[in-house]
Amino acid sequence: MKLTTDRKQLHSWYLQNKRALPWRATKNPYLIWISEVMLQQTTVTAVIPFYEKFISRFPTVQSLAEARIEDVYEYWAGLGYYSRARNLHKAAQIIDNEHRGIFSPTYQELIKLPGFGPYTSRAVASLAYDQPVGVLDGNVIRILTRKYGLDLKWWENKQKEKLQIISDELAGTKDSADLNQAMMELGATICTPKKVMCLLCPWNKTCISYATDTIPQRPGPKPKQNFEIWSWNFKINTKKSQIYLTPNGATPFLKENWLPLSSAEKLTKKPKNYDFKHGVTKYDIYVTVETGSKSSDQKGKWVDLHQVSQINPTSLIKKIIQTIEKK
Ligand code: SF4
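Keep in mind it's a predicted model, so treat the numbers as computed, not measured. Throughout, residues of each chain are indexed from 1 in the direction in which the sequence is written. Only residues with pLDDT of 70 or above have their local features reported here, since the model is predicted, and side-chain atom pairs are shown and tallied only from 80 upward, although totals for entire chains, interfaces and linings are computed over all residues.

As for the site of the ligand
This is how it is decided: To decide whether a residue is near a molecule or strand, its C-beta atom is placed from the backbone and checked for lying within 6 Å of it. Only DSSP runs of H or I with at least four residues qualify as helices, and only runs of E with at least two residues qualify as strands; both kinds are numbered from the N terminus onward. By the convention adopted, Pro, Cys, Tyr, Trp, Phe, Met, Ile, Leu, Val and Ala count as nonpolar, Lys, Arg, Asp and Glu as charged, and the other residues, Gly among them, as polar.
Close contacts around the ligand come from 14 residues, with C191, C198, C201, C207 and Y210 the closest. At the level of secondary structure, the elements contributing two or more residues to the shell around the ligand comprise α9 (138-147) and α12 (208-211). Across the shell around the ligand, the residue classes break down as 10 nonpolar, 2 polar and 2 charged.

Take a look at the structure:
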């Protein structure tokens, strides 16, 4: 595939159209990393206030590493996916303690850190250190399959690898930081999932899907995941205004979340009795809450009820406490 012209068109479009975003004014890998993890949760506009608040509280990787996880959760609240906040904290501690606070400039090293998947490691290596590699996320998959008319099972690793190679070729120059950001910008503003604005696209003269009027069919839909049904029983141990919580090890989801002691099992059908239903990604969870337990374990601790949301900001613990109050 000859990409030189595509690269030039994309780059000059980006230089003329890029939005001024706080994380674009820096080459600081820590700030780029935080923004990239936040951008996986929601849109640019929604991320800006979260990003500004987070980096004013944790301005350096050292400050994040030294913070209590409860504080990190507090500044992450509203973004969801608390495992990402936990991984940010763990990775910051490794960078601070084992790498003297210095980020590796290559994605091959960054990817070894907790929470640094292929996208984040490539984004940080390219945007902060100009490593000539391309990023691949939902936006880039959409643009590349449309532009080059590719009908791929992009959710399968081997097929995704083909897109990764194209992305690497497109961004594989000294301008990789601009080119990767150009792809992100094009996906966010022009080649969007529904309201596609091809007339403003730098590639509209060569885009296969535009020329053949086949934009809506790319990228093809990922097959729906099979849902799993689980029952999850919590044994609530309380005293005065405190509740006993411990890191969850009972389920493959919400691992290490601070929750009451519990047991769980995978079911073949929905149970008859439960207190409430809770959904986590591909899991349908039927929750029962038993009060009056005296159980504890080695890892848990007593937490004041009004401080529970600081160590576990998920909606699950809120629902558990509401259920206790009704019983
Ligand atoms: S021409 Fe349209 S479909 Fe093709 S890459 Fe540009 S915005 Fe996307």
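From this point, the discussion proceeds with the structure in view.
With respect to the environment of K272
As a reminder of what qualifies: Working definition of burial: number of other C-beta atoms within 10 Å of the residue's own, with buried at 20 or more, exposed at 12 or fewer, and partly exposed in between, all C-beta atoms being placed from the backbone.
Considering the arrangement of structural elements, one finds K272 in the loop between β5 (261-267) and β6 (276-280). K272 sits in the exposed class, given 6 other C-beta atoms within 10 Å. In the structure, K272 is positioned 14 residues away from Y286 in sequence and 9.6 Å away in space, judged by C-alpha atoms.

What to know about the pairing of β6
Walk down a regular strand and you will see the side chains alternate between the two sheet faces. For clarity, the cut-off: Two strands are counted as paired when DSSP detects at least two bridges linking them.
With 5 bridges connecting them, β6 and strand β7 (residues 283-290) associate as antiparallel partners. Residue pairing in the sheet places V280 in a bridge with Y283 of β7. Linking β6 back to β7 in an antiparallel pair, the connection comprises 2 residues, with T281 at a positive phi of about 40°.

Description of the domain arrangement of the chain
Convention followed: Residue ranges for the domains trace back to a domain assignment, done automatically or taken from a database. Any residue pair is listed as a contact if its two C-beta atoms, each placed from the backbone, are within 7 Å.
Examined at the domain level, the chain breaks down into domain 1 (4-217) and domain 2 (228-326). The gap between the C-alpha centroids of domain 1 and domain 2 is 34 Å. Between domain 1 and domain 2, the residue contacts involve 5 residues of the former and 4 residues of the latter. If one sorts the elements of the side of domain 1 that touches domain 2 by residue count, helix α5 (residues 69-76) sits on top with 3 residues. Its residues assigned to classes, the side of domain 1 that touches domain 2 shows 3 nonpolar, no polar and 2 charged.

Topic: the nonpolar core
When a protein is soluble and globular, its nonpolar side chains tend to lie buried together. Heads up, the condition is: Definition of nonpolar core: a set of buried Ala, Val, Leu, Ile, Met, Phe, Trp, Tyr and Cys residues joined via C-beta atoms within 7 Å.
Grouped together as the largest cluster of nonpolar side chains are 62 residues, with contacts concentrated most on I34, V124 and M183. No other element matches helix α2 (residues 29-39), which puts 8 residues into this core. Setting aside residues no more than four positions away along its own chain, M183 makes contact with V135, N139, V140 and I143. By size, the runner-up hydrophobic cluster in this structure holds 16 residues, among which are Y244, L254, W258 and V289.

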